[in-house]
Amino acid sequence: MKFENILEETDGFGPFQILIVVLLCVPRIVLPCHFLLNNFIAAVPSHHCDISTLGDGGLFRNLSQEKRLTISIPTQEDGSPNSCEMFAEPQFHLLSNVSNGTDLPTVQCKNGWVYDNTTFTSTLATEWDLVCDRKSMSKATGTIFFLGVMLGAVASGALCDKFGRRSTLLVSYIMVIVFSFSSAFSNSYLMFAVLRFFTGFGITGISLISIVLSVEWVDVDHRAFIGVIGSMAWSLGNMLLAGWAYLVNDWRKLIMTVTAPLYFAVLTWWWIPESARWLLANGKVEQAQFYLDKCARFNKRQQLSSKLKLEALTNVKSLKNEKNYTYLDLIKTPKMRQLSLLTGIVWYGVASTYYGISLNITGFGLNIYLTHFIYSAIELPAKLLTYFLLGIIGRRKWQAATLLLTGTCIAVNIFIPKGFWYVRTTVAILGKGLSEAAFTTVYLYTTELYPTVVRQNGMGYTSVVSRLGISVAPLILLLEDVWKFLPEVIICSVSIMSGLVSLLLPETLNVRLPETIDDIEKQR
C-alpha cells in the first residue's frame, strides 16, 4: 500500500493542508529578509575624510564647510569630494583657482570619515569604518552568511531525515532568533561575522523544511499549488524588507525587526504536524496514525482508525527497512547517482543565473528602497505563471523553458546598444522574472524527484550546490575587467546548459512521490 492511498482517506487537500501552508508562511517571509539583508545593512553611504580637527585656529576657522572641503579634499570626476584621500596640507589657493587639485600631494584619511546619513542612519560601514581599503570587509559579511547557509543545508538535511521535520524546524527557529538578535548587539566586526554565520546555518533549515513538510502532506494533484503559492511568502517578505528598511534605517534595529516574526512562528509551531509520510518511513506507526486521524477530523472525514486497522498502516510499504540513510545513499545506486548529478547541475545553473542577473541589472534611477520593491514585485507574476503552466506542460518542460529563455534574454542584451537603456531594462526584467520562475519550479520539482527516505538529504545536497552558485556569481561579474561581456556570456552559457540538462530528468506531473530508493531504480 502506498502513502497516497492513506492520504486519500483523509483528504489530500483540505483545511488541514491549507493550515500547514499558512503556519509556514510567517517563517518563509523572514527568509528573504535575511538573505537580502546585506543590501541595506552593508550599504556604503557617501563619505569623505573627517577634517573637523583641522579647524582649530587661523584662517581655517573662518571658512564655510564648503570652502573647508575645497582646500582639504580633492574632488572626483563628478565634482564630489574624494572618498578616501585628503590633501597633505590645506590648499588655500584652490579658493581662487578652478583646478580640482588632482596633481597635488595627497594622503589617506587621517581622522576617520564623515558619512552622509540622508538614507541610512547607521550601517556596518559607518559602524566600523568599512570603507576604502576595508570596503571588501562589508561585502564579506554576505559571503560569510551564505557559507553558514551552505553548511547548514548539509546538517539540516541529515538531522531532518533522522529526527524528523518538525523537531528540526523548531531548532532552526531558535537558532535564528538567538544568533540573529545577538548579532544586533555585536561590539566588533569579528563578533558580528561569527554570529551571522550561525544565523545562516540555522535559517537554511527553515528554507528546506517548510517546502518539504508542505509537499509531503498534500496529494498528487495539488503539489504544484502548495509549492508555488507557498513560495509567494518569499516575494511578500522581499517586498516587506523594502518597507521595513525604509522605516528602520539603523542596521541593529533592522536586524531585530526582520527577525521578530519568528517569535510568532515559534508559538504557531505547536500546531504544525510532523510528516506522517516520514513517520511511516521510519516505522513510527502510532504517531503517524495520530496525525492522520487529526488530518481526517480537521478535513471532516471519517477517522482513519475506523477504516484501517493499525496493522494496515504497518503494512504501508516499509520505507526505512531498519536502515539509517545518509548522503552517501544519493550516489550508491546508478539511477540515484544520475539523479543527484543532474539535479546538482540544474540547481547550480538556477542559483548562479538568478543571482547573476540580480546583481548585474542596472537600477531604474530610483532610490534603493523603491528599486528593491520593484525587483521583488516582478517575482509575483512569474510565480503565478509558473503555477498555471506547471499543470499544463509539466515540470520538466517548464524547468527547461525558464532556463533556456533566461539565457536567451541575457544573450539578447549583449547585442542591444547601451543607448537603448529602456529596451535593455525591459529585457533584463523579463530575464529576472524567468529566473525566478526557474527557482520556484526547481524547489517543487526536486521534492518530487527524490524518494521520501532521502528527500531531505537530497534537498540539503542541492541547497549546498545552489549556495555554491550564489557564491560564484559575484566573482563571475568581476570578469568584466577582462572583457566587458564575459560575465553575460558565462551566465548565459550556464543558464542554457542547465536548461538542456533538466530535459534529462524524469517528469513528475501527476506521478506519485517515490518513497524508497527502489522506486527510483525501477523507473524506466
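Please read these numbers as outputs of a predicted model, since none were measured by experiment.

**Quick notes on the nonpolar core**
Grouped together as the largest cluster of nonpolar side chains are 113 residues, with contacts concentrated most on Phe 35, Tyr 173, Trp 217, Tyr 355 and Phe 439. Here this core takes 10 residues from helix H8 (residues 189–216), the largest share from any one element. Every residue in contact with Trp 217, bar those within four places of it in the chain, is listed here: Leu 7, Gly 12, Phe 16, Gln 17, Ile 20, Pro 273, Glu 274, Ser 275, Ala 276, Tyr 291, Leu 292 and Cys 295. Grouped together as the second largest cluster of nonpolar side chains are six residues, Ile 357, Ile 476, Leu 477 and Ile 491 included.

**Details of the confidence of the model for the protein**
Residues at a pLDDT of 70 or more form 88% of the protein, whose mean pLDDT is 82. Per-element averaging of pLDDT across the protein places helix H14 (residues 310–314) at the bottom with 56 and helix H10 (residues 251–259) at the top with 94. pLDDT under 50 marks residues 317–321. Its contacts with residues more than four places away, or in other chains, come to 17 contacts.

**Let's talk about the state of the cysteines**
All told, the structure shown has two disulfides when counted by the stated rule. Between the sulfur atoms of Cys 49 and its disulfide mate Cys 109 the distance is 1.8 Å. Judged by the sign of its S-S torsion, about -70 degrees, the bond between Cys 49 and Cys 109 is left-handed. Linking Cys 49 in strand E1 (residues 47–49) with Cys 109 in the loop between strand E3 (106–108) and strand E4 (113–115), this pair joins segments that are 60 residues apart in sequence. Residue Cys 49 is classed as buried on the basis of its relative accessible area, which comes to 0%. For the protein, the bonded cysteines pair up as 1-3, 2-4 when numbered in the order they occur along the sequence.

**Thoughts on a nonpolar patch on the surface**
Where nonpolar side chains cluster on the molecular surface, the patch consists of Leu 190, Val 194 and Phe 198 and spans about 270 Å² of accessible area. Structurally, the position occupied by Phe 198 is in helix H8. Owing to a relative accessible area of 32%, Phe 198 belongs among the partly exposed residues under this scheme.

**Digging into the environment of Ala 438**
Considering the arrangement of structural elements, one finds Ala 438 in helix H19 (residues 421–449). Take Ala 438: its relative accessible area is 1%, and that puts it in the buried class. When the C-alpha positions of Ala 438 and Ala 351 are compared, they lie 9.1 Å apart, and in sequence the two are 87 residues distant. The residues touching Ala 438, leaving out its near neighbours within four places in the chain, are Val 350, Gln 399, Thr 402 and Leu 403.

**Some points on the packing of aromatic side chains**
Aromatic ring pairs: the centre-centre distance and the angle between the two ring planes describe each pair. If you walk through the whole model with that rule in mind, you get 24 aromatic pairs. On the numbers, 6.1 Å between centres and 70 degrees between planes, the contact of Phe 16 with Phe 298 is edge-to-face. Within this pair, whereas Phe 16 is found in helix H2 (residues 15–35), its partner Phe 298 is found in helix H13 (residues 285–298), the two being separated by 282 residues in sequence. An angle of 25 degrees between the planes, with centres 5.2 Å apart, marks the rings of Phe 179 and Phe 198 as stacked. One end of the pair, Phe 179, is in helix H7 (residues 165–183); the other, Phe 198, is in helix H8, and 19 residues separate them in sequence. Taken together, the aromatic side chains of Phe 35, Phe 145, Phe 146 and Trp 234 make up a single cluster linked through ring pairs. Its guanidinium or amino end placed over the ring of Phe 163, Lys 162 lies 5.8 Å from that ring's centre, counting from NZ or CZ. The ring of Trp 269 has Arg 166 lying over it, and the distance from NZ or CZ to the ring centre is 3.9 Å.

**So, the environment of Tyr 348**
If you trace the backbone, Tyr 348 turns up in helix H15 (residues 334–360). Residue classification places Tyr 348 among the partly exposed residues on the basis of a relative accessible area of 23%. Excluding its chain neighbours within four sequence positions, the residues that come into contact with Tyr 348 are Val 465, Leu 468, Gly 469, Val 472 and Val 494.

**Some thoughts on unusual backbone geometry**
One non-glycine residue, Asp 129, lies in the positive phi region at around 50 degrees. As for its position among the elements, Asp 129 is in the loop between helix H5 (124–128) and helix H6 (135–163). Of the residues examined, Asp 129 reaches a relative accessible area of 26% and is grouped as partly exposed. The backbone of Asn 510 shows a phi angle near 60 degrees, a positive value even though the residue is not glycine. Turning to its location among the elements, Asn 510 is positioned in the loop between helix H21 (486–502) and helix H22 (517–521). Judged by its relative accessible area of 54%, Asn 510 is exposed.

**Brief notes about the packing of helix H18 (residues 395–415) against H21**
For the pair H18 and H21, the least separation of the axes is 8 Å and the interaxial angle reads 160 degrees. As judged from the angle between their axes, H18 and H21 are roughly antiparallel. Two packed elements cross with a definite hand, and for H18 against H21 that hand is left-handed. Note on element contacts: H21 touches H18 through Glu 488, Val 489, Ile 491, Cys 492, Ser 495, Ile 496, Ser 498, Gly 499, Leu 500 and Ser 502, opposite Arg 396, Gln 399, Ala 400, Leu 403, Leu 404, Thr 406, Gly 407, Ile 410, Ala 411 and Ile 414.

**Remarks on H10**
When H10 is considered as a whole, its buried residues turn out to be Trp 251, Leu 254, Ile 255, Val 258 and Thr 259. On an axial view of H10, the arc spanned by its buried residues comes to 125 degrees, and they lie on one face. A distance of 3.1 Å separates the backbone nitrogen of Arg 252 from a side-chain oxygen at the start of H10, and that oxygen is part of Asp 250.

The rules behind each value
Residues numbered from 1 in each chain as written. Predicted model: local features only at pLDDT ≥ 70, side-chain atom pairs only at ≥ 80, totals over all residues. Heavy atoms only, no water. Core = buried A, V, L, I, M, F, W, Y, C linked by side-chain atoms within 4.5 Å. Buried < 20%, exposed > 50% of the residue type's maximum accessible area, 1.4 Å probe, protein only. Helix = DSSP H or I, 4+ residues; strand = E, 2+ residues; numbered from the N terminus. Contact = heavy atoms within 4.5 Å. pLDDT = per-residue confidence, 0-100. Disulfide = S-S within 2.5 Å. Patch = residues over 30% accessible without salt bridge, like charges linked within 9 Å, V, L, I, M, F, W, Y side chains within 5 Å. Areas by Shrake-Rupley, 256 points an atom, 1.4 Å probe, with all protein chains shown as cover. Salt bridge = Lys/Arg side-chain N within 4 Å of Asp/Glu carboxyl O. Phe/Tyr/Trp six-rings, centres within 6.5 Å; stacked < 30°, edge-to-face > 60°. Lys NZ or Arg CZ within 6 Å of the ring centre and 35° of its normal. Axes fitted to C-alpha atoms, helices over the stretch in contact; angles between N-to-C directions. Parallel < 35°, antiparallel > 145°, perpendicular 65-115°, else oblique. Left-handed = near helix turned anticlockwise from the far one by under 90°. Arc of directions from axis to C-beta. Polar contact = N/O pair within 3.5 Å; in protein donor to acceptor, adjacent residues only side chain to side chain.

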